[in-house]
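# Structural characterization, general
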Amino acid sequence: MAGIIKTVTVGDKDIKFEANGATFVLYQQAFGKDGLLEIQSVEKEPTKSLPLAQEFAYVMSGAYEKGIGFVKWLSQFGVMDVPNSAEEIFGVLMQSLNGNDEPVKNATAVEDEQ
């Protein structure tokens, strides 16, 4: 399995999120932080969960790769839109990390397109 794709409704928009082998590299490039360490730190500091959800949603939506700025991407949503969808978004990421062959509801495994 090369990656997981799932369309999640965020606010009033359907956004396609993808988690694959490049997700953490892109996160590092976009935010200068180790994504795995950030996820682990949420257990100790739950207040980090909102910014982390926003950051991973941004990367997994493909906006970073398209050159859309983080603040510009977030500005299309209401204040609580991303946090309200965070569980579904992180579900895609966690499935990709676990190499879980069980599909996330409405998710699709994608093969390498090369």
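The paragraphs below set out a description of the structure included in this document. In this numbering scheme, every chain counts its residues from 1 along its sequence in written order. Where local features are concerned, this predicted model is filtered to residues with pLDDT of at least 70; where side-chain atom pairs are given and counted, the filter is 80 or more; whole-chain, interface and lining totals use all residues. Neither water nor hydrogens contribute to the side-chain values; these are computed over all heavy atoms in the structure.

### Things to note about the packing of aromatic side chains
Between rings of Phe, Tyr and Trp, where Trp is taken as its six-membered ring, a pair exists when centres lie within 6.5 Å; planes separated by under 30 degrees are stacked, by over 60 edge-to-face, and by other angles tilted. Scanning the model with the defined rule gives ten aromatic pairs in all. Ring centres of Trp73 and Phe77 lie 5.0 Å apart, and the angle between their planes is 70°; on these two criteria the pair is classed as edge-to-face. By the burial criterion, Trp73 is buried, and Phe77 matches it. Feature note: the residues Phe24, Tyr27, Phe31, Phe56, Tyr58, Tyr64, Phe70, Trp73, Phe77 and Phe90 constitute an aromatic cluster, connected by ring pairs. Here's how the labels work: a residue is buried when its accessible area is under 20% of the maximum for its type, exposed when over 50%, partly exposed in between, all with a 1.4 Å probe on protein chains only.

### Looking at helix H2 (residues 35–44)
Within H2, the full set of buried residues consists of Gly35, Glu38 and Ser41. For H2, the angular spread of the buried residues around the axis is 110°, confining them to a single face. Across from the buried face of H2, at angles greater than 90 degrees, the exposed residues are Leu37, Glu43 and Lys44. Packed against the buried residues of H2 are helix H1 (23–31) and helix H3 (49–60). Segments assigned H or I by DSSP are reported as helices when at least four residues long, segments assigned E as strands when at least two residues long, and all are numbered from the N terminus. Along the arc lie the directions from the helix axis toward the C-beta atoms. Should any heavy atoms of two residues lie within 4.5 Å, those residues are considered in contact.

### What to know about a nonpolar patch on the surface
A grouping of Leu36, Met94 and Leu97 is seen on the molecular surface, where their side chains present a nonpolar patch of about 230 Å² in accessible area. Here Leu36 is to be found in helix H2. Accessibility expressed as a relative area gives 42% for Leu36, which makes it partly exposed. Patch criteria: residues need more than 30% relative accessible area and no salt bridge. Like-charged residues are merged within 9 Å; nonpolar side chains of Val, Leu, Ile, Met, Phe, Trp and Tyr are merged within 5 Å. All accessible areas in this document rest on Shrake-Rupley with a 1.4 Å probe, and a residue is counted as covered only by the protein chains that are shown. The salt bridge definition used is simple: a Lys or Arg side-chain nitrogen within 4 Å of an Asp or Glu carboxyl oxygen.

### Description of the side chain of Ser61
With respect to the helices, strands and loops of the structure, Ser61 is situated in the loop between H3 and helix H4 (70–74). For Ser61, the contacting residues outside a window of four places in its chain are Ile15, Lys16, Phe17 and Trp73.

### A look at the nonpolar core
In plain words, nonpolar cores are sets of buried Ala, Val, Leu, Ile, Met, Phe, Trp, Tyr and Cys residues tied together by side-chain atoms within 4.5 Å. Counting residues in hydrophobic clusters, the biggest one holds 27 residues, and the most contacted among them are Val10, Phe17, Phe56 and Met60. Residue assignment for this core shows that the elements contributing at least two residues are strand S1 (3–10), strand S2 (13–20), H1, H3, H4 and helix H5 (81–98). It is H3 that contributes the most residues to this core, seven residues altogether.

### Some details on the environment of Tyr64
If you trace the backbone, Tyr64 turns up in the loop between H3 and H4. Expressed as a C-alpha distance, the spacing of Tyr64 and Leu26, which sit 38 residues apart in the sequence, is 7.8 Å. Sequence-distant contacts of Tyr64, defined by excluding residues within four places in its chain, comprise Leu26, Gln29, Ala30 and Tyr58.

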